[in-house]
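Reading the structure
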Amino acid sequence: MKTEPVKRAFKYRFHPTNEQAAELSRTFGCVRKVYNLALEARTVAWFQRQERVNYNATSAMLTQWKKTEELAFLSEVSSVPLQQTLRHLQGAFSNFFEGRAKYPRFKSKKKTRRSAEYTRSAFTYRDGALRLAKLKNPLAIVWSRPLPQGVEPSTVTVSQDSAGRWFVSMLCEDASVGPLRALDTAVGIDAGITCLVTLSTGRKITNPRHERRDRAHLAKAQRALAKKQEGSRNRDKARLKVARIHARIADRRRDFLHQLTTRLVRENQTIVIEDLNVRTMLKNRSLARAISDAAWTDLRSMLEYKAAWYGRNLVTIDRWFPSSKLCSACGTVRDELPLNVRVWTCDCGTTHDRDVNAARNILAAGLAVTACGAGVRPQRESSRTGQLAAKQETLTAK
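Residues numbered from 1 in each chain as written. Predicted model: local features only at pLDDT ≥ 70, side-chain atom pairs only at ≥ 80, totals over all residues. Heavy atoms only, no water.

1. Quick word on the sheet that holds strand β6 (residues 155–160)
As a reminder of what qualifies: Pairing between two strands is assigned when DSSP locates at least 2 bridges connecting them. Only DSSP runs of H or I covering at least 4 residues are called helices, and only runs of E covering at least 2 are called strands; the numbering of each starts at the N terminus.
Spatially, five strands are ordered β2-β6-β7-β1-β5 in an open sheet, and the strand pairing comes out antiparallel. Each edge of the open sheet carries a strand with a single partner, namely β2 (114–119) and β5 (141–142). Note that strand β1 (residues 6–14) and β5 share two bridges and pair antiparallel. Each bridged residue has a counterpart across the sheet, and for F14 the counterpart in β5 is I141.

Next up, the structure:
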């Protein structure tokens, strides 16, 4: 059976010349300026006149802004990234009106990542050479992996992160991605901190704790940054050093999660996870750093799109399911199970490893959801402490 090509982004490092870096930096600044002007115009129109301004109206405003003496510099860069940022603002408002996001915020000059998006009318890609509008020479891209053969990008996004690294992301239709051979295996996953994931098979994947490995270097760099004078060149150098440490941590974490999620998706037909309320868990100050380093949200996001790519089933059960307190042998639910209890014995005589038992219960609940099409939503805890304890079984590690 022929499947539809999957839209997939291919991201690469590139090293711009001084001329290219200057032009792209101007483009980033203009993109930020147009976004903020359009957001201000839409906000004022609504709160003062109760008028809704859409993308077409802001596009007409952009034409008028370019004709003014104050904003004439907007005409010096490619118009495509400016139009694209207006489309992104329209999408941000759509998400806000539909309850998926908060009200759009203004872009700051100090934002950690700067970017500009180009459509096909503003770039050419031939024989491995990518040329952007307003740039004379092609970008010096480090081709770490090939693009799909015979496919041209539909959009190109150029970005610079807080560590000063330049990236180009090309969105292509990849026909090589499709459903894998169907399997008869299923696995339940219990996320934690000491063990990043515990599988229903009994296997535990240790958390590499990427942030902890560089914590001493990061603290030293941050102390040096705090001592530098605002606006000085030495402060910029110190800020860059801190950003590079953060980037190294994030790269290692992302690479580990990609390898883990790809292996889980390839080896199992059905994957069952819990719907964790990570935002609420991060309010616990003593555990916020460890939870952030575990990156459960990124883990779930990768599982979701990879399962869709490869024809796997990803089942999410309710966050209030008592996976740890439920005996996977007899089905008895314990009234209390403190977080420091890692091994417990049920009245039926079965001894459980807390995390493995939770993973097995998650798998059973997910298979039940798949079989009957119903949700798993048991009775909720009454107090806020009970709400946090409903899932934070493994949060005893500091």
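2. Some words on helix α1 (residues 18–49)
Note the cut-off: Helix span, expected: 1.5 Å multiplied by one less than the number of residues in the helix.
In a regular helix each residue adds 1.5 Å, so 32 residues correspond to 46 Å; α1 covers 46 Å between its end C-alpha atoms and thus fits that length. Remark: Q50 follows α1 within two positions and exhibits a positive phi of approximately 55 degrees.

3. A word on the UniProt feature "domain: Transposase putative helix-turn-helix" (unreviewed entry) in the protein
To be explicit about the condition: UniProt positions are given in the numbering used here, feature names are shortened, and annotations may be inferred rather than shown by experiment.
Listed under "domain: Transposase putative helix-turn-helix" (unreviewed entry) in the UniProt record, and renumbered for this structure, are residues 6–50. Across residues 6–50, helical content stands at 71% and strand content at 20%; the span's end C-alpha atoms are separated by 41 Å.

4. What about the environment of V80?
Keep this limit in mind: Buried residues are those whose accessible area, probed at 1.4 Å on protein chains only, stays under 20% of the maximum for their type, while exposed residues exceed 50% and partly exposed ones sit between those limits. Whether two residues are in contact is decided by their heavy atoms, any of which lying within 4.5 Å being enough.
Relative to the helices and strands, V80 resides in helix α3 (residues 79–97). On the basis of relative accessibility, which here comes to 14%, the residue V80 falls in the buried class. Once the C-alpha coordinates of V80 and A140 are considered, the two residues, 60 residues apart in sequence, prove to be 22 Å apart. In contact with V80, other than residues within four places in its own chain, are E117, Y118, T119, S121 and A122.

5. With respect to unusual backbone geometry
Positive phi, normally seen in glycine, also occurs at D127, with a value near 55 degrees. Along the chain, D127 turns up in the loop between β3 (123–126) and β4 (129–132). For D127, a relative accessible area of 82% translates into the label exposed. Notably, A295 is not glycine yet its phi reads approximately 55 degrees, a positive angle.

6. A closer look at the nonpolar core
How we decide: What we call a nonpolar core is a set of buried Ala, Val, Leu, Ile, Met, Phe, Trp, Tyr and Cys residues that are connected through their side-chain atoms within 4.5 Å.
Counting residues in hydrophobic clusters, the biggest one holds 42 residues, and the most contacted among them are L24, L130, L132, V158, V168 and M170. Of the residues forming this core, the biggest block, 10 residues, is contributed by α1. Apart from residues no more than four positions distant in its own chain, L132 is found in contact with L24, Y118, A122, F123, L139, V156 and V158. Formed by 30 residues, the second largest nonpolar core is a distinct cluster that contains V177, V265, L276 and A290.

7. Details of helix α6 (residues 233–267)
An α-helical turn contains 3.6 residues, so any two residues separated by three or four positions project in the same direction. If you check α6, its first and last C-alpha atoms are 51 Å apart, about what 35 residues at 1.5 Å a residue would give, namely 51 Å. For α6, the complete set of buried residues consists of A238, V242, A243, I245, A247, I249, R253, L257, L260, T261, L264 and V265.

8. Some thoughts on the environment of G349
You can see G349 is positioned in the loop between β13 (343–345) and β14 (351–353). Among the residues examined, G349 registers a relative accessible area of 54% and is labelled exposed. Along the sequence, G349 and P81 sit 268 residues apart, while their C-alpha atoms lie 65 Å from each other.

9. What about the pattern of salt bridges?
Which entries qualify depends on this criterion: Take a side-chain nitrogen of Lys or Arg and a carboxyl oxygen of Asp or Glu: if they are within 4 Å of each other, that pair is a salt bridge.
Throughout the structure, instances matching the rule amount to 18 salt bridges. One salt bridge connects D251 with R165, and the closest N-O pair in it is separated by 2.7 Å. Here the residue D251 occupies a position in helix α6, and R165 occupies one in the loop between β6 and β7 (166–174), the gap between them amounting to 86 residues. For R165, a relative accessible area of 19% corresponds to the buried category. Across the pair E230 and R235 runs a salt bridge, and its minimum N-O distance is 3.4 Å. For E230, a relative accessible area of 59% translates into the label exposed. Look at the salt bridges and you will find they share partners, linking D161, R165, D251 and R254 into a network.

10. Remarks on the packing of aromatic side chains
Our working definition: Any two rings among Phe, Tyr and Trp, with Trp reduced to its six-membered ring, count as a pair given centres within 6.5 Å; such a pair is stacked if its planes are under 30 degrees apart, edge-to-face if over 60, and tilted if neither.
Within this structure, the stated rule accounts for 10 aromatic pairs. Put simply, the rings of F93, F96, F97 and Y103 touch in pairs and so form one group of aromatic residues.

11. Side note on the sheet that holds strand β8 (residues 186–191)
Just so we agree on the cut-off: Angles here are taken between N-to-C directions and fall from 0 to 180 degrees, while the axes themselves are lines fitted to C-alpha atoms, restricted in helices to the stretch in contact.
What the five strands build is an open sheet, ordered β10-β9-β8-β11-β12; its pairing is mixed. Each having just a single partner strand, β10 (204–206) and β12 (313–317) make up the two edges of the open sheet. Here the average twist between neighbouring strands, direction ignored, is 20 degrees. In this sheet, β10 lies alongside strand β9 (residues 195–199) in antiparallel orientation, the contact comprising three bridges. Note that in β10 the partner of V197 across the bridge is I205.

12. Quick look at the side chain of D355
Rules: Under the rule applied, a polar contact is a pair of N or O atoms within 3.5 Å (in protein, one hydrogen donor and one hydrogen acceptor; residues adjacent in sequence only if both atoms are side-chain atoms).
With respect to the secondary-structure elements, D355 resides in helix α10 (residues 354–372). A polar contact is formed between the side chain of D355 and the side chain of R342, at a distance of 3.1 Å.

13. Structural notes on the packing of α1 against helix α2 (residues 55–67)
Threshold: Working definition: roughly parallel below 35 degrees, roughly antiparallel above 145 degrees, roughly perpendicular at 65 to 115 degrees, and oblique for all remaining angles. Whether a crossing is left-handed or right-handed is set by the direction in which the near helix is turned from the far one by less than a right angle, anticlockwise for left-handed and clockwise for right-handed.
In the contact formed by α1 and α2, the axes pass within 10 Å of each other and the chain directions differ by 120 degrees. Taken together, the axis directions place α1 and α2 in an arrangement best described as oblique. In the packing of α1 onto α2, the handedness of the crossing is right-handed. Mapping the contact onto sequence places V34, L37, A38, A41 and R42 in α1 and Y55, T58, M61, L62 and W65 in α2.

14. Overview of the confidence of the model for the protein
For the record, the criterion: A score between 0 and 100, pLDDT records how confident the predictor is in each residue.
Chain-level statistics for the protein give a pLDDT mean of 88 and a share of 92% at 70 or above. Put simply, helix α11 (residues 384–389) is where the protein has its lowest mean pLDDT, 36, and β6 is where it has its highest, 97.

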